[in-house]
Amino acid sequence: MALLEIRHVSRRFGDLKAVDDVCLSIEAGEFFTLVGPSGCGKTTLLRLIAGFEEPDTGELLLDGQTLAGVLPEQRPVHTVFQSYALFPHMTVAENIAFPLQMAGRSPDEIRHRLQDALDLVHLADKARQLPHQLSGGQKQRVALARGLINKPRLLLLDEPLAALDAKLREQITAELIALQREVGITFIFVTHSQQEALAVSHRIAVMNAGHIEQVDAPEQVYGYPRNRFVADFIGTVNLLPVEVREAGNDRLRLLVAGVGEIVSMPAAARTGERGAFAVRPEQLDIIADGERPRLDNQFKGTVQDHLYLGDVTIYKIALPNGAVLEAMRANAAPGRARFLERGEPVQVGWRRQAGVYLRD
Amino acid sequence: MTESQPSNRPRDPAQTRRAPLTRWLVSLPPTLFLLTFFLAPALLMVGASLQQPGDFGGLVPALENGRLTLSLDTYRFFFSDWIYAEIFLRSFLVAAATTLLCLLLAYPLAWLIARSHRRHRDLLVLLVLLPFASNFLIRIYAWIILLGPFDLLYTPWAVITGMVYVHLPFMILPLYTNLEQHDPALLEAAQDLGAGAATRFWRITLPLSLPGIWSGSALVFIPVLGMFAIPELLGGTRDILIGNLIKEQFLDNRDWPLGSTLSLLLTVGVLLLAGLAARAARPWRGGTA
Ligand SMILES: Nc1ncnc2c1ncn2[C@@H]1O[C@H](COP(=O)(O)OP(=O)(O)OP(=O)(O)O)[C@@H](O)[C@H]1O
Ligand SMILES: [Mg+2]
């Protein structure tokens, strides 16, 4: 049985469907991530789980028990808020111990578990400070420890890293993964950042305008996005409008107007229908002009622009029909920003296993 | 455990760095104001308390016929008669009772206003202030009419009722200002972590509103101590407070030195109390997470 079962849950605010017929089931011990653009309903979904909102329709079950009418303080679900919401008049230790006091634990037990929690988030030396004396990362860790200490069945994290700089984010992301493994609590993690989502999750749910577009393991979501929205939202993707020429059992032939034919792996498609072909920049190879074709798909183009990012350089390659593909190349040779100049004629290609066909 | 490393000194948002000259210029007008209208009169009072009363009010000059007329008579007088200490004590009790009652009445009201829809709040605050639109004495006389039928007139209860009535807005406003600024996310966090409604109030709302409670209490307690009109109009002859006593010295008995002494002792008492209160309020000082 799943730990949390979300069944056809909807929540409206006036005319706006903030959460629209969402179905999810989350397993115990899972690190589950919700991603989606701003305003797509991630926070509202978490608030439904925490009990600050009741669904208009649908039902939530925790361990098979309905959550309808169960107040937030009675749910074994804790939240790490985006704003941290640390109690400003309590010290770090008092903040973290708060859930234990609410649960009526003995002073002895509180002392022990507080020490453990402080050690877990490396804040033992800050125990007696007030929240306003802490840095952003430290506050974040206090909020995390406070959410974890009473071992909730489910910990909801609403963009807890949003306020941190990139370096700290990376560090805390790593800490978060280790922590989740260590304590074995189920996490539902909300983030804007698809990179963070890919890095931390067992499974990712991509949300858009209140509904769920796709739920899958990170590599599935990235490698086999189910539709344009997911392909575009997770990572960078080249989208080419195509028409299906042949939907065979062993291959798919797609026509790109003014460029040529793409051969791809078989997929659900009907001959004659229109759709899009999605291929990632790192799946593209750049081949010198004039070299003989050696890839399943290979087209002529010109280098339009390049963008040096340190580890990689992104080349923008214009196809004859005007479409522009982004291709990524690792920079193995130090001190060199690019190996192609603007205006240079090249060929761009990929293997048939790369890329996916997306129906409209 | 090192409690305060240099890199982690408390950051006080109110203490931005300013050039010394700017700070000096900015603080000059209030300093002058305080010197002129607070320190100077206070010093005059100290002087007056040591002088002799004139026959028809006023003061005998400190130097008369080449003889220094200063003495500690008034202080000796104050401490030689229990009645004065009793009046002081009674005044502080009335002030304390008034403050407490105001707090109990004002807190729920301020909380409700702070919780009401943003659009209605200003109107509700205006309603709290509305009584100030009519004359103070008229409002007190109204209480004479209201209390008359209940046999409460000219009792300590009438005095406290009047005091509470007049000072209630001074408790509501600071409390409201404080409560309105509370971050609702804190209550949600507390609830999320298992706190029921009562616990949320005792552990979050109340401690966070302490600054509002302190300033409201000061705004009620101190004026009540100096109030003479209400005890005079609503109280019996035995309900007089320090305010009446001081007023009597200046206007009826023409004993300015004793009046000055009483005022000074009152000021000292209030300052002592304020110091104690500040000390009690120290554990939590400002700062939001
Ligand atoms: N209490 C409310 N009343 C009215 N509308 C609301 C309320 N809460 C949320 N909404 C609306 O519901 C939609 C979803 O909001 P939500 O906060 O869930 O988005 P989100 O995905 O968390 O966005 P973000 O990534 O910016 O935090 C938004 O359009 C928002 O304006
Ligand atoms: Mg949100």
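Residues numbered from 1 in each chain as written. Chains lettered and ligands numbered in written order. Predicted model: local features only at pLDDT ≥ 70, side-chain atom pairs only at ≥ 80, totals over all residues. Heavy atoms only, no water.

**Some words on the overall build of chain A**
Within chain A, the regular secondary structure consists of 8 helices and 20 strands. For chain A, the spread of C-alpha atoms along the three principal axes comes to 80 × 50 × 35 Å. Residue burial in chain A is summarised as follows: out of 360 residues, 52% are buried. Considering only residue pairs separated by 6 or more positions, chain A has 66% of its internal contacts joining residues 24 or more positions apart. Carbon and sulfur atoms make up 48% of the accessible area of chain A, which amounts to about 16100 Å² in all. Here chain A contributes 40 positively and 45 negatively charged side chains, and the mean placements of these two sets differ by 2 Å. (Helix = DSSP H or I, 4+ residues; strand = E, 2+ residues; numbered from the N terminus. Buried < 20%, exposed > 50% of the residue type's maximum accessible area, 1.4 Å probe, protein only. Contact = heavy atoms within 4.5 Å. Areas by Shrake-Rupley, 256 points an atom, 1.4 Å probe, with all protein chains shown as cover. Lys, Arg positive; Asp, Glu negative; His and termini not counted. Charge placed at Lys NZ, Arg CZ, Asp CG, Glu CD.)

**Focus: the site of ligand 1**
Residues and elements named next belong to chain A. In the neighbourhood of ligand 1, the contacting residues comprise F13, L16, A18, S38, G39, C40, G41, K42, T43, T44, E159 and H192. Contact between ligand 1 and G39: an oxygen atom at 2.7 Å from a main-chain N or O atom of the residue. One nitrogen or oxygen atom from the side chain of E159 is found 3.3 Å from an oxygen atom belonging to ligand 1. Calculation on ligand 1 without its partners gives an accessible area of 640 Å², and the protein chains cover 61% of this total. (Near = heavy atom within 4 Å. Polar contact = N/O pair within 3.5 Å; in protein donor to acceptor, adjacent residues only side chain to side chain.)

**With respect to the pairing of strand β1 (residues 4–13) of chain A**
All names here are of chain A. When β1 meets strand β4 (residues 57–62), the two strands line up antiparallel, connected through 5 bridges. Pairing of I6 across the sheet is with L60, part of β4. The pairing of β1 with strand β2 (residues 16–26) spans 7 bridges and is classified as antiparallel. The residue bridging F13 from the neighbouring strand is L16, located in β2. The antiparallel hairpin formed by β1 and β2 contains 2 residues in its connecting segment, where G14 sits at a positive phi of about 65°. (Pairing = 2+ DSSP bridges.)

**Thoughts on helix α1 (residues 42–50) of chain A**
Residues and elements named next belong to chain A. Counted residue by residue, α1 has 7 buried out of 9 residues, so it is predominantly covered. Those residues of α1 lying buried are K42, T44, L45, L46, L48, I49 and A50. Following α1 by one or two positions, G51 adopts a phi angle in the positive range, close to 105°.

**Regarding the interface of chain B and chain A**
Each partner contributes to the interface: chain B provides 30 residues, whereas chain A provides 32 residues. Counting each side, the surface lost to burial between chain B and chain A is near 2900 Å², with a carbon and sulfur contribution of 57%. Viewed at the interface, chain A and chain B are joined by 2 salt bridges. Here R200(B) makes a salt bridge to E73(A), at a shortest N to O gap of 3.7 Å. At the junction of chain B and chain A, the tally comes to 5 residue pairs in polar contact (both at pLDDT 80 or more). Counting residues per element, the ones that place at least two in the side of chain B that touches chain A are α7 (184–192) and α8 (197–226) of chain B. Grouping the amino acids of the side of chain B that touches chain A by side-chain chemistry returns 14 nonpolar, 10 polar and 6 charged. (Buried area = accessible area lost by both parts, 1.4 Å probe. Salt bridge = Lys/Arg side-chain N within 4 Å of Asp/Glu carboxyl O. Nonpolar A, V, L, I, M, F, W, Y, C, P; charged D, E, K, R; others polar.)

**Here's the deal with the domain arrangement of chain A**
Residue and element names in this part refer to chain A. Assigned domains within chain A: domain 1 (4–232) and domain 2 (236–351). Each of domain 1 and domain 2 was reduced to a C-alpha centroid, and the two centroids are 39 Å apart. Between domain 1 and domain 2, the residue contacts involve 6 residues of the former and 7 residues of the latter. Together, the buried faces of domain 1 and domain 2 total about 560 Å²; carbon and sulfur atoms form 48% of this surface. Of all residues in domain 1, Y222, R228 and A231 bury the most surface against domain 2, accounting for 82% of the area lost on that side. In this structure, the connection of domain 1 to domain 2 is made through 0 salt bridges. Inspection of the domain 1/domain 2 interface yields 3 residue pairs in polar contact (both at pLDDT 80 or more). When residues in the side of domain 1 that touches domain 2 are grouped by element, the largest group, 3 residues, is from helix α8 (residues 228–233). Residues belonging to the side of domain 1 that touches domain 2 are distributed by class as follows: 4 nonpolar, no polar and 2 charged. (Domains from an automatic or database assignment.)

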